[in-house]
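Structural characterization, general
Listed below are the residues making up each chain.
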Amino acid sequence: MSFAEYEVKDMIAVITMNRPSALNALNSEVLDDLNAVIDAVDLKTIRCLIITGAGEKSFVAGADIGEMSALTKEEGIAFSKKGNDLFRKIETLPIPVIAAVNGYALGGGCELSMACDFRIASENAVFGQPETGLGITPGFGGTQRLARLIGAGAAKQMIYTARNIKADEAMRIGLVNSVVPADQLMAAAEKIAGQIAKNAPIAVANAKAAINEGIQKPMEEAESIEEHRFGSCFETHDQKEGMSAFLEKRKDKNFINQ
Ligand code: DAK
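What you see is a predicted model, and the numbers here were worked out from it, not measured in a lab.

Rules behind the numbers
- Residues numbered from 1 in each chain as written.
- Predicted model: local features only at pLDDT ≥ 70, side-chain atom pairs only at ≥ 80, totals over all residues.
- Heavy atoms only, no water.
- Helix = DSSP H or I, 4+ residues; strand = E, 2+ residues; numbered from the N terminus.
- Polar contact = N/O pair within 3.5 Å; in protein donor to acceptor, adjacent residues only side chain to side chain.
- Contact = heavy atoms within 4.5 Å.
- Pairing = 2+ DSSP bridges.
- Axes fitted to C-alpha atoms, helices over the stretch in contact; angles between N-to-C directions.

Turning our attention to the side chain of arginine 19. Looking at where arginine 19 falls in the secondary structure, it is placed in the loop between strand 2 (12–17) and helix 1 (28–40). Among the polar contacts listed, one links the side chain of arginine 19 to the backbone oxygen of alanine 25, at a separation of 3.1 Å. Of the polar contacts made by the side chain of arginine 19, one reaches the side chain of aspartate 64; its length is 2.7 Å. Apart from the residues within four sequence positions on either side, arginine 19 is in contact with Phe3, Asn24, Ala25, Asn27, Val30 and Asp64.

Here is the structure:
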């Protein structure tokens, strides 16, 4: 049994964090399984990845507090690096990753969702960075990604107070893109994944990289990143196919990721 179940539906893959006895909390084994599954995603055929949690109560309730409680400083750094490297791998995958947040997304769970391209939440989703109440700072990118997503002021309030917020508040502050009833969450995520999968994967990958890389840079450098990413779509099969389809008034497009 894996703590990260993997399922492929056509061109869409779903990873289900699967440790329901601990609300899918991330211990070293869970991180290793997630890492192995991410490495196994066939990037030639899969056009969008969805990450969700097993059960109806929790996406991921954070890093495993039991395991963390006994860490030395050195082990703490190694654990943080393990999570950071994995989350960065997810963030920079050349396919979009949607977090379908089906309950608690706390600490490392909130951070995992933020390493995804965007978040769709069920009405019972709860987000939070409870770390300061545990005597630590967020360690899997929370101080950085939360501030970039919702602004420094709102991120500081969430992190300093360690207060959990419900889905409607997460929506209001821009942490999630939409909120749907729990029984419609996967259908909603798969619908968006299907819309993405219809488009040219090379263009989607370049758009993702342009946004991710450009957002860290001053506008002039960011524009240069965009120009290169734009240019690298040209002379591909999919650019010719997309434009030919428009000019020929064809609805069907055959994008082959080349
Ligand atoms: N770790 C380990 N076990 C957890 C867990 C977690 N984060 N969250 C829940 N569980 C376990 C509970 O211990 C319980 O196990 P049993 O007692 O049944 O064996 C089971 O899941 C069910 O949980 P509850 O009985 O507590 O369920 P409730 O519905 O009453 O409450 C809850 C649900 C999510 C509100 C509550 O479980 C809770 O507050 N959980 C902890 C949430 C939390 O604080 N998460 C953030 C963890 S800190 C770093 C690297 C990483 C991080 C930080 C630094 N560096 C190395 C620098 C990340 C930190 C975090 O993520």
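The six strands are arranged 1-2-3-5-7-10 in an open sheet whose pairing can be described as mixed. Looking at which strands have only one partner, the edges of the open sheet turn out to be strand 1 (4–9) and strand 10 (178–180). With strand direction ignored, the average angle separating the axes of adjacent strands in the sheet is 20 degrees. The sheet strands contacting helix 1 are strand 1, strand 2 and strand 3 (48–53), and the helix crosses strand 2 at an angle near 175 degrees.

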